[in-house]
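Structural overview for review
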Protein chains: 2
Amino acid sequence: MESRAQAGAAQRRRSASMADVARLAGVSSQTVSRVSNGSPGVVEDTRRRVLAAMKELGYRPNSAARALKHGEFRTLGVILFNLSTTGNVRTLEAIADSAAREGYAITLLPVAIPTQSEVDGAFTRLGELAVDGVIVIMEVHLLDSSTVSLPPHVQVVVVDSDAGDRYAVVDTDQRGGARAAVEHLLALGHRTVWHLAGPPDSFAAQRRTEAWLAALKEAGRPVPPLLFGDWSAESGYTVGKLVPEDCTAVFAANDQMALGLLRALHERGRRVPQDISVVGFDDIPESGSFIPPLTTVHQDFGEVGRRCVEGVLRQIRNRTAEHGTALVPTRLVARASTAPPPHAG
Amino acid sequence: MESRAQAGAAQRRRSASMADVARLAGVSSQTVSRVSNGSPGVVEDTRRRVLAAMKELGYRPNSAARALKHGEFRTLGVILFNLSTTGNVRTLEAIADSAAREGYAITLLPVAIPTQSEVDGAFTRLGELAVDGVIVIMEVHLLDSSTVSLPPHVQVVVVDSDAGDRYAVVDTDQRGGARAAVEHLLALGHRTVWHLAGPPDSFAAQRRTEAWLAALKEAGRPVPPLLFGDWSAESGYTVGKLVPEDCTAVFAANDQMALGLLRALHERGRRVPQDISVVGFDDIPESGSFIPPLTTVHQDFGEVGRRCVEGVLRQIRNRTAEHGTALVPTRLVARASTAPPPHAG
DNA sequence: TTACGCGATGTTTACGTAAACATCCAGGCG
DNA sequence: CGCCTGGATGTTTACGTAAACATCGCGTAA
């Protein structure tokens, strides 16, 4: 890649300040400030002159100075481990969107590997970061065990956690969704439902498992052994090869694992949904194109993101810390991967 | 959600400044600054006293003041349309990672809908934003047609564009990847290869299509009619229902469309790969779990992200604008969705 | 006519940091 | 023994903005 000296405007070392604009417009810098912020008390003629000067100099307000002045950055930080799960990505997307709508920018704080030192590092950086509030998309126990604390004036909202007693938590109604999945299968006539769970250290996975168990017990059904995956399609495939012949219904803790499961069942010649039913969780955009289209639990990530932003902003404005958990409801999307069980041989 | 007044440290309106630390440690604020920045010329005893004071007051450097002082924010902005395509997400992830490693934060600038006014809006916000450089993940013609220009001192790197003559561009080697896909199929013995293209307004899609065409022509093969999708699995499914019986090989412009294609073919009773071969593009994590596992072109998004960050930072440090295109190579991943064509009836 | 009020604009100041410069002190050397 | 050197530390200042306060001038009511 070649490079060339930057021409034109960039020769000016620093970009134009209010003082420059003021000089050109023949007013005081305070008047420029008033125009810039749309404050009243500037006569139309002056305002026009100032605007013209701004345009000529290519004036842009300096956000550092502005932040320094009134002590806020109009920026929210988002801490997350990675963008490899659909949920995190879609939540982030919704957060970015809502934040933009409120005039806040989003600063990303990725933590590559959830080790103690990584998390500490992120929080240290965060402490120096120009943010007014933070949204944490991860298991809160990692946040707790961190030796570095959040700056006291920074407000926090947490996703995917059970720390509602200490933080404001926004989460999908994991239990409700999992219960709906199980009940859907039971209603179709299945005697019981197997569960392909997510990794045991995930709160979301835990809650889905709990609800699966509770739903089975309430209905007085036998509880099959628990199967574990790691959220990946590959792990669903591996587990799928082990599902016994007498199993007629599986509830997978996410759509990716359901995908792998479908492939394993296909390879084994077990037809879905005629021989065995499968339900997923998340409703990723692709799930309607699986073979067969997947019945799954739809999560409203957009709503989760919106409530997160709403929550932090409220805390920032009121200068209070909130706690409690807000649950966003789910919805079962019935497609073609579920059907009544085959008649007993 | 209940709320309670925030207790303890938060009662102090503003957090501790250097002056506060200096007072407590009995030194000047300049000495605190030196300790804070690890500058030399502070005797060990003093340093310890300052550090203790910092800890006691929970001192955090104020990044706004720091930014105001030396005119840089140590932050990069990332402009993108959405996080719904795998490529964008993984690129963003890699960017965030590399940036963090360099001590830079990432500020997200989502543009919900790529309309002119939306893009303008993002750039306006950007102008006021606290960033030293920008990475644009989108078609550059939208950037060009924007009436709002980037602040002159902000350096730019663009992904997914052909604007290498005006900007520094980093992109996957779309052509090379598409050519590899076509050549792989021809080498297996297919007479020609159909192409399920992405939306015509995408440069990435255009380039994949061009390379497909070029590879066919070079080999002197007939060129089948072009099929179009919109990147979604659903569109792949729709198109898949229309693929004629005599087609033995399809190159889909991304893995999602390939997924839909697989389903349509499955429903029509056309076996993959025995009756028809399918190749995708991207190598999303799930593609190894499709039915059958998908042969696809692997994109190294990590490398793309890394080079973006490297590029902007170099421009920032050198105070120059670069141009030219850097291509990141791809790699064909052969799985189970491709095979020699069936023997002619 | 004069003084008062109020809208328009200007001036001062502080936000927290760090570069540049100033000062102070200990020790070495003529 | 006094001066000089250099390291440690303190003081001043500027970064760009905006709140708070000051001023100016014009219209209006007594």
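Worth saying up front: this structure is predicted, and the values here are computed from it rather than measured.

**A closer look at the overall build of chain A**
- Counting its regular elements, chain A contains 12 helices and 14 strands.
- Across the 345 residues that make up chain A, the buried fraction comes to 55%.
- For chain A, the proportion of contacts with a sequence separation of at least 24, taken over those separated by at least 6, is 70%.
- As presented, chain A carries roughly 14,600 Å² of accessible surface, and 51% of it is formed by carbon and sulfur atoms.

**Side note on the packing of helix H4 (residues 63–70) of chain A against helix H4 (residues 63–70) of chain B**
- Interaxial distance between H4(A) and H4(B) falls to 8 Å at its minimum, and their mutual angle equals 140 degrees. Here H4(A) lies oblique to H4(B), going by the angle between them. Considering how the two elements wind past one another, H4(A) and H4(B) form a crossing that is left-handed. For the pair formed by H4(A) and H4(B), the contact residues are A:Ala64, A:Ala65, A:Ala67 and A:Leu68 on the first element and B:Ala64, B:Ala65, B:Ala67 and B:Leu68 on the second.
- Residues that form the contact of H4(A) with H4(B) fall into these classes: eight nonpolar, no polar and no charged.

**Side note on the packing of aromatic side chains**
Residue and element names in this part refer to chain A.
- What the rule picks out here adds up to two aromatic pairs over all chains.
- Their ring planes at 45 degrees and their centres at 6.3 Å tell us that Phe251 and Phe281 sit as a pair that is tilted. Of this pair, Phe251 sits in strand S9 (residues 249–252) while Phe281 sits in strand S10 (residues 277–282), and the two are 30 residues apart along the sequence.
- Overall, Phe251 belongs to the buried group, its relative accessible area being 0%.

**What to know about the protein's contact with DNA strand D**
- In the vicinity of DNA strand D, 24 residues are found, and the nearest of them are A:Met18, A:Gln30, A:Tyr59, A:Arg66 and B:Thr46.
- Sugar plus phosphate, as a fraction of atoms of DNA strand D within 4 Å of the protein: 58%.
- Between DNA strand D and A:Gln30, the relevant distance is 2.6 Å, taken from a base nitrogen to a side-chain nitrogen or oxygen of the residue.
- Here A:Arg66 contributes a side-chain N or O atom positioned 2.8 Å from a phosphate oxygen of DNA strand D.
- Within the residue set of the surface near DNA strand D, elements represented by two or more residues are helix H2 (29–37) and H4 of chain A together with helix H2 (29–37) and H4 of chain B.
- Along the lines of polarity and charge, the residues of the surface near DNA strand D split into eight nonpolar, 11 polar and five charged.

**Quick look at the protein's contact with DNA strand C**
- The local shell around DNA strand C holds 24 residues, among which A:Ser28, A:Thr46, B:Met18, B:Gln30 and B:Tyr59 are the closest.
- Between a base nitrogen of DNA strand C and a side-chain N or O atom of B:Gln30, the distance comes to 2.6 Å.
- Elements supplying a minimum of two residues to the surface near DNA strand C: H2 and H4 of chain A together with H2 and H4 of chain B.
- Among the residues making up the surface near DNA strand C, the classes are represented as eight nonpolar, 11 polar and five charged.

**Focus: the pattern of salt bridges**
All names here are of chain A.
- Scanning all chains against the criterion turns up 40 salt bridges over all chains.
- Salt-bridge contacts for Glu93 lead to Arg90; the nearest nitrogen and oxygen are separated by 3.9 Å. With Glu93 and Arg90 both in helix H5 (residues 86–101) and three residues apart, the pair spans about one turn of that helix.
- Residue class for Glu93 comes out buried when judged on its relative accessible area of 19%.
- For Arg90, a relative accessible area of 26% gives the class partly exposed.

**Side note on the sheet that holds S10(A)**
Residue and element names in this part refer to chain A.
- Strand order in the open sheet formed by six strands is S8-S7-S9-S10-S11-S14, and the pairing between neighbours is mixed. What marks the edges here is a single partner per strand, and that holds for strand S8 (227–228) and strand S14 (331–333).
- With three bridges connecting them, S9 and S10 associate as parallel partners. The partner of Ala249 across the bridge, within S10, is Ser277.

**A short note on the sheet that holds strand S13 (residues 324–328) of chain A**
- Reading across from one edge, S13(A)-S6(A)-S5(A)-S4(A)-S2(A)-S3(A)-S3(B)-S2(B)-S4(B)-S5(B)-S6(B)-S13(B) is the order of the 12 strands in this open sheet, with mixed pairing throughout. Because the sheet does not close on itself, it has two edges, and the strands there are S13 of chain A together with strand S13 (324–328) of chain B. Between one strand and the next, the sheet's axes are offset by a mean angle of 25 degrees, whatever the strand orientation.
- Sheet strands in contact with helix H12 (residues 301–318) of chain A are strand S2 (75–80), strand S4 (133–137), strand S5 (155–159), strand S6 (168–172) and S13 of chain A, and its direction is about 160 degrees off that of S5(A).

**Some remarks on the environment of A:Ile291**
- Summarising the element assignment, A:Ile291 is placed in the loop between S10 and strand S11 (295–298).
- As a C-alpha pair, A:Ile291 and A:Ser337 span 46 residues in sequence and 8.2 Å in three-dimensional space.

**A look at the nonpolar core**
- By size, the foremost hydrophobic cluster in this structure holds 50 residues, and its most contacted members are A:Ile135 and B:Ile135.
- Not counting residues within four places of it along the chain, the set of residues in contact with B:Ile135 comprises B:Gly77, B:Val78, B:Ile79, B:Ile95, B:Val157, B:Val159, B:Cys308, B:Val309 and B:Val312.
- Grouped together as the second largest cluster of nonpolar side chains are 44 residues, A:Leu227, A:Ala252, A:Val272 and B:Ala258 included.

**Focus on the pairing of strand S2 (residues 75–80) of chain B**
All names here are of chain B.
- With six of six residues buried, S2 lies mostly within the body of the structure.
- Taking every second residue as pointing to the same face, both faces of S2 are buried, with Thr75, Gly77 and Ile79 on one and Leu76, Val78 and Leu80 on the other.
- Since S2 and strand S3 (residues 105–110) lie parallel, the crossover through helix H5 (residues 86–101) that links them has a hand, and here it is right-handed.
- Here S2 runs beside strand S4 (residues 133–137); their pairing, made up of five bridges, is parallel. What sits directly across from Leu80, in S4, is Ile137.

**Observations regarding the environment of A:Leu313**
Residue and element names in this part refer to chain A.
- Inspection of the secondary structure puts Leu313 in helix H12.
- Sequence separation of Leu313 and Tyr104 is 209 residues, and the distance between their C-alpha atoms is 9.4 Å.
- Not counting chain neighbours up to four residues away, the residues in contact with Leu313 comprise Leu76, Glu102 and Tyr104.

**Topic: the side chain of B:Thr46**
Residues and elements named next belong to chain B.
- By the secondary structure assignment, Thr46 is in helix H3 (residues 44–57).
- On the basis of relative accessibility, which here comes to 17%, the residue Thr46 falls in the buried class.
- In contact with Thr46, not counting residues within four places along its chain, are Val27 and Thr31.

**Focus: unusual backbone geometry**
- With omega at 10 degrees, the peptide bond leading from A:Val272 into A:Pro273 counts as cis.
- Position of A:Pro273 among the secondary structure elements: in the loop between helix H11 (255–267) and S10.
- Residue B:Ile291 is joined to B:Pro292 through a cis peptide bond whose omega torsion reads -5 degrees.
- Summarising the element assignment, B:Pro292 is placed in the loop between strand S10 (277–282) and strand S11 (295–298).
- Of note in this structure, A:Arg74 is not a glycine but carries a positive phi near 55 degrees.
- Structurally, the position occupied by A:Arg74 is in the loop between H4 and S2.
- A positive phi angle, close to 55 degrees, is found at B:Arg319, a residue other than glycine.
- Residue placement: B:Arg319 occurs in the loop between helix H12 (301–318) and strand S12 (320–322).

Conventions adopted
Residues numbered from 1 in each chain as written. Chains lettered and ligands numbered in written order. Predicted model: local features only at pLDDT ≥ 70, side-chain atom pairs only at ≥ 80, totals over all residues. Heavy atoms only, no water. Helix = DSSP H or I, 4+ residues; strand = E, 2+ residues; numbered from the N terminus. Buried < 20%, exposed > 50% of the residue type's maximum accessible area, 1.4 Å probe, protein only. Contact = heavy atoms within 4.5 Å. Areas by Shrake-Rupley, 256 points an atom, 1.4 Å probe, with all protein chains shown as cover. Axes fitted to C-alpha atoms, helices over the stretch in contact; angles between N-to-C directions. Parallel < 35°, antiparallel > 145°, perpendicular 65-115°, else oblique. Left-handed = near helix turned anticlockwise from the far one by under 90°. Nonpolar A, V, L, I, M, F, W, Y, C, P; charged D, E, K, R; others polar. Phe/Tyr/Trp six-rings, centres within 6.5 Å; stacked < 30°, edge-to-face > 60°. Near = heavy atom within 4 Å. Polar contact = N/O pair within 3.5 Å; in protein donor to acceptor, adjacent residues only side chain to side chain. Salt bridge = Lys/Arg side-chain N within 4 Å of Asp/Glu carboxyl O. Pairing = 2+ DSSP bridges. Core = buried A, V, L, I, M, F, W, Y, C linked by side-chain atoms within 4.5 Å. Right-handed = clockwise from strand over helix to strand, strands pointing away.

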